[in-house]
Amino acid sequence: MEANIPDPLLWEYTWLLGAIPAICGWMALPKNNRPLLLAFVGGTIALGVIPVIGAAVYLSPDLVEYYTTKKSRVIIFGYPMVPLCFVFFAIAVQVHLFGLYFAKQLLTAWDSKKKKAN
């Protein structure tokens, strides 16, 4: 079976840059580094959530076309690309939002720990 994979779009390159804030978040954990965790939050929003939502908006006409005609212009491993992309979007947004939620929880915990020490 041959994969007819299209060239990457701009949002895909932007989303891949989201690995940089993820590394910042990972590095923030051992020493409760607030600035690095804030970089993770800002970077996840700018390079994670926004590109995925933008891609969903960009591909929504293709999704509507697929559901009305049941035909897809791009087939990957025998499956239509558009529904696969929207499954990816749903999972990616959930993962990013969970990361942001836990970062908020950590920032709150680190602030209360700092206040108790003073």
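As the structure is a computational prediction, the values presented were derived from the model and not from experiment.

Criteria and cut-off values
Residues numbered from 1 in each chain as written. Predicted model: local features only at pLDDT ≥ 70, side-chain atom pairs only at ≥ 80, totals over all residues. Heavy atoms only, no water. Buried < 20%, exposed > 50% of the residue type's maximum accessible area, 1.4 Å probe, protein only. Helix = DSSP H or I, 4+ residues; strand = E, 2+ residues; numbered from the N terminus. Arc of directions from axis to C-beta. Contact = heavy atoms within 4.5 Å. Patch = residues over 30% accessible without salt bridge, like charges linked within 9 Å, V, L, I, M, F, W, Y side chains within 5 Å. Areas by Shrake-Rupley, 256 points an atom, 1.4 Å probe, with all protein chains shown as cover. Salt bridge = Lys/Arg side-chain N within 4 Å of Asp/Glu carboxyl O. 1 Å grid on protein atoms, 1.4 Å probe; cavity = no way out; pocket = protein on both sides within 12 Å on 5 of 7 lines; lining within 4 Å. Points joined across faces, edges and corners; volume = space filled by probe spheres on them. Nonpolar A, V, L, I, M, F, W, Y, C, P; charged D, E, K, R; others polar.

Concerning helix 2 (residues 19-28)
Item 1. For helix 2, the full list of buried residues reads P21, C24, G25 and A28. Here the buried residues of helix 2 occupy an arc of 95° about the axis, which is enough to place them on one side.
Item 2. Check the buried side of helix 2 and you find it contacts helix 3 (34-69) and helix 4 (81-117).

A short note on a nonpolar patch on the surface
Item 1. On the surface, a nonpolar cluster with roughly 460 Å² of combined accessible area is contributed by I23, W26, M27 and L29.
Item 2. The residue W26 is located in helix 2 in this model.

Let's talk about the layout of surface pockets
Item 1. When its volume is computed, the largest pocket comes out at roughly 410 Å³.
Item 2. Along the wall of the largest pocket there are 22 residues; nearest its centre are P6, L59, V74, M81 and C85.
Item 3. Mapped by element, the contributors of at least two residues to the lining of the largest pocket are helix 1 (10-16), helix 3 and helix 4.
Item 4. It is helix 4 that contributes the most residues to the lining of the largest pocket, six residues altogether.
Item 5. Taken together, the residues of the lining of the largest pocket break down into 15 nonpolar, one polar and six charged.
Item 6. In this structure, the second largest pocket spans a volume of roughly 260 Å³.
Item 7. Elements represented by at least two residues in the lining of the second largest pocket include exactly helix 1, helix 2, helix 3 and helix 4.

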